[in-house]
Amino acid sequence: MRILLIGAGKSTSYLIDYLLEHSHQMQWEVCVADMDIRLAEYKIAGHERATAVSFNVHDAEQRADLISASDMVISMLPASMHGEVAIDCLRFGRYMITASYVSQEMRALDNEVKNKGLIFLNEAGLDPGIDHASAMKIIDEVHSNGGKVITFKSFCGGLVAPESNDNPWGYKFSWNPRNVILAGQGTAQWLENNQLKFIPYNRLFTQVETISIDGYGDFEAYANRDSISYQQQYGLAEVQTMLRGTLRMPGYARAWNVFVQLGLTDDTWKLPNWNSISWPKLLRAFLPGSNDIKNELYRFCGIINDLETQHKLEWLGIFDESATVDVSGKTPAQLLQGLLESKWKLSATDKDMIVMQHLFECVDSTSKRYKIISSLVVKGENQTHTAMAKTVGLPLAICARMIAGQKITQRGVIIPVHPEIYNPLLDELKHYGVSFTEKSVQ
């Protein structure tokens, strides 16, 4: 079997290692395609069953050539770029796997994918991915015992391990920085006591709840995307509260909300072609007044007495007149990303950390109520072999092996909520130190 991996970025180290480790046994030929061929070559490290190619997804001829010459495509491209790959996979009859949310464009291909007997497996990474698999295992167990799930809450965060947490934000980039900058945009939707709840983006980071993980303390959680759409996919017709959220360290959301209020997370417009200017001058352009920039910002954002948030902002150096930024033709979000990439960079020996927790409130067949708490903590090894790369890449690789071995009977555009996928996936992940601890509370 010929496997084409498109994209060799931050989350692919374990994915590529797994594919190459099993390539002899499974008789795989692995092609790693990336815009940066040096990165692709570095990741395959001269392996005899792997090749690296320079790739531009928008080059229709090259894209068609690579996909037609493959049996399976694993796309690690940004979600917005999967569409062109999916169309070619459908045209040439190739399996496709991604870690991204199922888009409307992808969902519309479901019937055609089924008719061709193909699998387009999406949401097969961490969140979405491992969260689906681990949650469905418990949900199916509750249902098989005649019980009901009344409340389901699921939270996940890609953070920095405590021993590497040396900045006031408690955060460093372990995955695509652009996705972090744009996180939460849109309107969060969930179900609470049988009532629909919405939070528009401008208020998202003002409404957080506290989640505790044994041995790791408290985290803050904010609502993530559309939780309601998973009610049907999880088979939770009886659920009264359903919420999926993102985890960060305490105090993060309040500080991040400053950037939201200023408009610095906006990626929809570009600044004029000015020369490089200082960060204070740039901030002044986003504020209504012209007084002392620091106090003006604190008053505008309502943090005049919030010393903790002030410290986070000052640590970034945004009030330093010597800190300059080239704004020409860039969006506010790109400017913010450039600043944070220099401040939130994992060092060579830094360890990141994945934290996930599911909270279930259930009723058994005798109408007795009980709770289940299922938690996952995974730490990375270093700057390259991160916990993020492990928990995103390994599920993709394991699912690729299942598809190659014809272990999945489902067809169409699917996600890993089926026992034939989630049981072997979770079992194999345990061998790599990715396992949940569960406790029941009466």
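Located above this text is the structure these notes cover.
Because the structure is a prediction, the values reported are computed rather than measured.

Topic: the overall build of the protein
Consideration 1: From N to C terminus, the protein includes 18 helices and 18 strands.
Consideration 2: Against the globule reference of 22 Å for 442 residues, the protein gives a C-alpha radius of gyration of 23 Å, in line with a compact fold.
Consideration 3: Seen along its three principal axes, the alpha-carbon backbone of the protein occupies a region of about 65 × 60 × 40 Å.
Consideration 4: When burial is assessed residue by residue, the protein has 52% of its 442 residues classed as buried.
Consideration 5: Taking all contacts inside the protein whose residues are at least 6 apart in sequence as the whole, residues at least 24 apart take part in 71%.
Consideration 6: When the accessible area of the protein is evaluated, it comes to approximately 19100 Å², of which 47% is carbon and sulfur surface.
Consideration 7: A gap of 2 Å separates the mean positions of the 42 positive and 50 negative side-chain charges of the protein.

Notes on the environment of Gly412
Consideration 1: Relative to the elements of secondary structure, Gly412 occurs in strand E17 (residues 412-414).
Consideration 2: With relative accessibility at 0%, the residue Gly412 sits in the buried group.
Consideration 3: Along the sequence, Gly412 and Phe120 sit 292 residues apart, while their C-alpha atoms lie 6.0 Å from each other.
Consideration 4: The residues touching Gly412, leaving out its near neighbours within four places in the chain, are Asp110, Val113, Lys114, Leu118, Ile119 and Phe120.

Structural notes on the pattern of salt bridges
Consideration 1: Tallied over the full model, the rule gives 21 salt bridges.
Consideration 2: Note that Glu29 and Arg49 form a salt bridge whose closest N and O atoms lie 3.1 Å from each other. Residue Glu29 is located in strand E2 (residues 29-34), and its partner Arg49 is located in the loop between helix H3 (37-44) and strand E3 (50-54); the two are separated by 20 residues in the primary sequence.

Looking at the pairing of strand E9 (residues 195-200)
Consideration 1: Of the strand pairs in this sheet, strand E8 (residues 187-192) and E9 are connected by 6 bridges, and their pairing is antiparallel. Within E9, the position partnered with Ala188 by the bridge is Ile199.
Consideration 2: What sits between the antiparallel neighbours E8 and E9 is a turn of 2 residues, in which Asn193 has the positive phi angle 50°.

A few points about the nonpolar core
Consideration 1: Counting residues in hydrophobic clusters, the biggest one holds 94 residues, and the most contacted among them are Val85, Ile97, Phe120, Phe152, Tyr234 and Phe360.
Consideration 2: Of the residues forming this core, the biggest block, 12 residues, is contributed by helix H17 (residues 387-404).
Consideration 3: Excluding residues that lie within four positions of it along the chain, Val85 makes contacts with Ile6, Val57, Arg63, Ile67, Val73, Leu77 and Met96.
Consideration 4: Formed by 58 residues, the second largest nonpolar core is a distinct cluster that contains Ala221, Ala253, Tyr298 and Met353.

Notes on the side chain of Arg94
Consideration 1: For Arg94, the position within the fold is in the loop between helix H5 (82-92) and strand E5 (95-98).
Consideration 2: One buried charged side chain, Arg94, makes no salt bridge at all; its nearest oppositely charged neighbour is Asp71, positioned 5.2 Å away.
Consideration 3: A polar contact is formed between the side chain of Arg94 and the backbone oxygen of Ile67, at a distance of 3.4 Å.
Consideration 4: A polar contact of 2.6 Å, which involves the side chain of Arg94, links it to the backbone oxygen of Ser68.
Consideration 5: Those residues in contact with Arg94, other than ones at most four positions away along the chain, are Ile67, Ser68, Ser70, Asp71, Cys89, Leu118 and Phe120.

Let's talk about empty space enclosed by the protein
Consideration 1: A complete count under the given rule lists 2 cavities of 30 Å³ or more for this structure.
Consideration 2: Empty space within the largest cavity amounts to approximately 40 Å³.
Consideration 3: Lining the largest cavity are Asp127, Asp131, Ser154, Phe155, Cys156, Asn224, Arg244, Gly245 and Met356.
Consideration 4: When residues of the lining of the largest cavity are traced back to their parent elements, those giving at least two are strand E7 (148-160) and strand E12 (241-248).
Consideration 5: Counting residues per element, the lining of the largest cavity draws most heavily on E7, at 3 residues.
Consideration 6: Residue composition of the lining of the largest cavity, grouped by class: 3 nonpolar, 3 polar and 3 charged.
Consideration 7: Computed from the structure, the second largest cavity encloses a volume of approximately 30 Å³.
Consideration 8: Along its surface, the second largest cavity is lined by Ala79, His82, Thr98, Ser100, Tyr101, Ser103, Met106 and Asn122.
Consideration 9: Taken together, the residues of the lining of the second largest cavity sort by class into 3 nonpolar, 5 polar and no charged.

Looking at unusual backbone geometry
With the exception of glycine, most residues fall at negative phi, and the peptide bonds are largely trans.
Consideration 1: That bond from Asp127 to Pro128 is cis: its omega, 15°, falls within 30 degrees of zero.
Consideration 2: On the secondary structure map, Pro128 appears in the loop between strand E6 (119-121) and helix H8 (130-144).
Consideration 3: Here Ala45, not a glycine, exhibits a phi torsion of approximately 50°, which is positive.
Consideration 4: Within the secondary structure, Ala45 is located in the loop between H3 and E3.
Consideration 5: Look at Ala45 and you get exposed, because its relative accessible area is 64%.
Consideration 6: A positive phi angle, close to 55°, is found at Arg225, a residue other than glycine.

Rules and cut-offs
- Residues numbered from 1 in each chain as written.
- Predicted model: local features only at pLDDT ≥ 70, side-chain atom pairs only at ≥ 80, totals over all residues.
- Heavy atoms only, no water.
- Helix = DSSP H or I, 4+ residues; strand = E, 2+ residues; numbered from the N terminus.
- Rg over C-alpha atoms; globule rule 2.2 N^0.38 Å.
- Buried < 20%, exposed > 50% of the residue type's maximum accessible area, 1.4 Å probe, protein only.
- Contact = heavy atoms within 4.5 Å.
- Areas by Shrake-Rupley, 256 points an atom, 1.4 Å probe, with all protein chains shown as cover.
- Lys, Arg positive; Asp, Glu negative; His and termini not counted.
- Charge placed at Lys NZ, Arg CZ, Asp CG, Glu CD.
- Salt bridge = Lys/Arg side-chain N within 4 Å of Asp/Glu carboxyl O.
- Pairing = 2+ DSSP bridges.
- Core = buried A, V, L, I, M, F, W, Y, C linked by side-chain atoms within 4.5 Å.
- Polar contact = N/O pair within 3.5 Å; in protein donor to acceptor, adjacent residues only side chain to side chain.
- 1 Å grid on protein atoms, 1.4 Å probe; cavity = no way out; pocket = protein on both sides within 12 Å on 5 of 7 lines; lining within 4 Å.
- Points joined across faces, edges and corners; volume = space filled by probe spheres on them.
- Nonpolar A, V, L, I, M, F, W, Y, C, P; charged D, E, K, R; others polar.

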